[in-house]
Amino acid sequence: MDFSTEITYSAEQEKFRQEVSVWLSENAQIPAEFKIPRETGDMSHELYNWVREYRKKLGAKGWLAPLWPSEYGGGGLSVDMAQVLEEELSKRKIPAIYDNRLAAPAMMVWGTEEQKQRFLPLINKGDVITWQAFTEPEVGSDAASITTSAVRDGDDFIINGTKVYIGGPFSADYIWTTAVTDQTSPRHRNLGAFYVPADLPGISFSDMELIVNVGKRFVYYDNVRVPGEYLVGGENQGWQVAQTSLEIEHGAGGSIGEGASRDGGVVAALFDYAQTAVDGAGNPLIEDPRIRDLLVEARIETHIVELIALRNYWMFNNQKRMTFHGSQNSLLRKLLAMKLGNIVLEVAGPYAMLNDSNWAPSNGVFESHQRQAITAHHPGGSSEIQKLIMARRLGLSRSKEEAAPTKVA
Ligand SMILES: Cc1cc2nc3c(=O)[nH]c(=O)nc-3n(C[C@H](O)[C@H](O)[C@H](O)COP(=O)(O)OP(=O)(O)OC[C@H]3O[C@@H](n4cnc5c(N)ncnc54)[C@H](O)[C@@H]3O)c2cc1C
């Protein structure tokens, strides 16, 4: 058995790495005049537009969805090549924009061929921005209990209701949403899933005050006439369709490259801070064994989440049977964020709460992490919900459930 820890790449992979690297050097240089904010939601419109154009260029090469078939706007790459691509992309640290692409895997499983040909290239090439709208003012964790209604009228549906905690900055082109299509059928057999153009008459938005700048929209549907061509899956199959999106949102597909733990650079900032800051007596923090312990804990916990994400990437792309694995990824990521929040507080003390340019250490990344760790607990289902899903998949609940169907190729 070979226990070497060195990862080796084939000549073909290295050649492709070179091609990607050259392309990125030419296309991934953010103009110096744009200020890069700590948080995606605080991006200026100019930077947002630049990132959108960059993503469209990536999409044109199939590199936004490298493993997807080219007929659906993907790159048609092998996992070996996609791995190299992801590694190179993650080095560039281009800020993400809020583009919820989770309708695509659901459409791949549940959509008609016509829908796949029409919508998947738009999503996979970065030509449209989609917001996912499942949560309602009275319904979050128990997503099957929504009340937004979709009433059939000939070939169309008339949608009424309100969604909350939706989207990111600026605007969306499509909304990926759920609604009750059958008021009489039992739970899980009464919903429809719709990929709705965001500019249909009757759709409006307003903002909530949150401690982060994403997930802060209300979406209102007021007698919105949605043609039947936007219904994905059967008329009462929306619960199953949404589960495919959620399976991927939880992390069944895994990830590769730097940042798989989505720690937002806070661990690196902790190490830098401890090496430069001093305690009240003037001693470098890094000389305190307790601080060193905390730093090691932060690194180990982060590495565990990265390995789980890598395992899922491998399982997903090798079509291994997956059960609890997506929710395990989500659960550990959410718990890690909270744990790092506590470590940051212990290491930096009250400085971890500051975000002003004079006093905040590490350009305010600690303060930002405190807020984001709390809010990250919720999207896609809280950690309690991930545990529930895992229990059901492991047969520890009343029923034993399988993972929602997913596929790329
Ligand atoms: C920043 C942010 C972004 C978001 N983005 C989106 C988005 O893009 N699209 C979208 O549709 N939604 C989005 N959401 C909403 C998110 O999915 C919900 O917040 C989440 O599902 C929890 O629902 P809730 O807030 O109504 O809490 P509740 O469902 O009211 O839960 C409250 C608490 O009770 C616990 N709980 C609930 N049920 C159980 C149970 N059965 N067992 C044990 N504990 C339980 C929960 O863990 C939670 O701690 C976002 C939320 C945030 C904060």
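Above: the structure in question.
Because the structure is predicted, anything quoted here is derived from the model rather than measured. (Residues numbered from 1 in each chain as written. Predicted model: local features only at pLDDT ≥ 70, side-chain atom pairs only at ≥ 80, totals over all residues. Heavy atoms only, no water.)

## Digging into the overall build of the chain
Just so we agree on the cut-off: Counting from the N terminus, the helices are DSSP H or I runs at least four residues long and the strands are E runs at least two residues long. It is over C-alpha atoms that the radius of gyration is taken, and the globule rule equals 2.2 Å times the number of residues to the power 0.38. Here the term buried applies to any residue with accessible area under 20% of the maximum for its type, exposed to any over 50%, and partly exposed to those in between, with areas from a 1.4 Å probe on protein chains only. Computed with a 1.4 Å probe, the accessible areas rest on the Shrake-Rupley method; for each residue, only the protein chains presented here act as cover. A residue counts as positive if it is Lys or Arg and as negative if it is Asp or Glu; His and the chain ends are not included. By convention, the point assigned to a charge is CZ for Arg, NZ for Lys, CD for Glu and CG for Asp.
Scanning the chain for helices and strands turns up eleven helices and eight strands. The C-alpha atoms of the chain give 22 Å as radius of gyration, which agrees with the globular expectation for 409 residues (22 Å, within 12%). Considering only C-alpha atoms, the chain reaches an extent of 75 × 50 × 50 Å along its principal axes. Relative to its 409 residues, the chain shows a buried fraction of 50%. Working note: accessible area of the chain is about 19900 Å², and carbon and sulfur atoms make up 52% of it. The positive charge centre, built from 40 side chains, and the negative charge centre, built from 52, are 4 Å apart in the chain.

## What to know about the site of the ligand
Formally: Proximity criterion: a residue is near a molecule or strand once any of its heavy atoms comes within 4 Å of it. Polar contacts, as used here, are pairs of N or O atoms within 3.5 Å; protein pairs need one atom able to donate a hydrogen and one able to accept it. Residues neighboring in sequence count only if both atoms are side-chain atoms.
In the vicinity of the ligand there are 20 residues, among which Thr 135, Ser 141, Tyr 165, Ser 382 and Glu 384 approach most closely. Here a nitrogen atom of the ligand sits 2.8 Å away from a polar atom, N or O, in the main chain of Gln 132. One of the side-chain N or O atoms of Thr 135 is found 2.7 Å from a nitrogen atom in the ligand. Considered on its own, the ligand offers 960 Å² of accessible surface; in the complex 68% of this is hidden by protein. For the shell around the ligand, the secondary structure elements donating two or more residues are β1 (130-133), β3 (156-166) and α11 (383-393). Here the shell around the ligand gets three residues from one element, more than from any other, and that element is α11.

## Thoughts on helix α9 (residues 325-348)
The criterion, for reference: Under the convention used throughout, the expected extent of a helix is 1.5 Å for every residue step, that is, one less than its residue count.
The first and last C-alpha atoms of α9 sit 34 Å apart over 24 residues, in line with the 34 Å expected at 1.5 Å per residue. Taken across its 24 residues, α9 has 17 buried, putting it largely inside the fold. Residue Gly 349 follows α9 closely and has a positive phi angle near 60°.

## Things to note about unusual backbone geometry
Positioned with a positive phi, His 188 is a non-glycine residue whose angle comes to about 70°. Checked against the element boundaries, His 188 lands in the loop between β4 (174-180) and β5 (191-197). Its identity as a non-glycine residue notwithstanding, Ser 362 has a phi of 50°, on the positive side. Tracing the chain through its elements places Ser 362 in the loop between α9 and α10 (365-375). Classification of Ser 362 as partly exposed rests on a relative accessible area of 28%.

## Here we look at the environment of Arg 333
Tracing the chain through its elements places Arg 333 in helix α9. When the C-alpha atoms of Arg 333 and His 377 are compared, they prove to be 8.9 Å apart, with 44 residues separating the residues in sequence.

## Regarding the packing of aromatic side chains
Convention followed: Between rings of Phe, Tyr and Trp, where Trp is taken as its six-membered ring, a pair exists when centres lie within 6.5 Å; planes separated by under 30 degrees are stacked, by over 60 edge-to-face, and by other angles tilted.
Evaluation of the coordinates by the stated rule reveals 13 aromatic pairs. Each ring, one from Phe 119 and one from Tyr 174, has its centre 5.9 Å from the other, and the planes form 75°; the classification is edge-to-face. One end of the pair, Phe 119, is in helix α5 (residues 113-124); the other, Tyr 174, is in strand β4, with 55 residues separating them in the sequence. Judged by relative accessible area, which is 1%, Phe 119 ranks as buried. The exposure class assigned to Tyr 174 is buried, which follows from its relative accessible area of 12%.

## Observations concerning the nonpolar core
Convention followed: Nine residue types can take part in a nonpolar core, namely buried Ala, Val, Leu, Ile, Met, Phe, Trp, Tyr and Cys, and a core is a set of them joined through side-chain atoms within 4.5 Å. In this entry, domain limits derive from an automatic or database-based domain assignment.
The biggest cluster of nonpolar side chains holds 63 residues, and the ones touching the most others in it are Tyr 54, Trp 176, Phe 194 and Tyr 195. Tallying contributions element by element places helix α2 (residues 45-60) first for this core, with six residues. When residues of this core are assigned to domains, at least three map to each of domain 1 (11-97) and domain 2 (129-242). With 22 residues, the next largest nonpolar core counts Val 267, Ala 269, Leu 285 and Val 365 among its residues.

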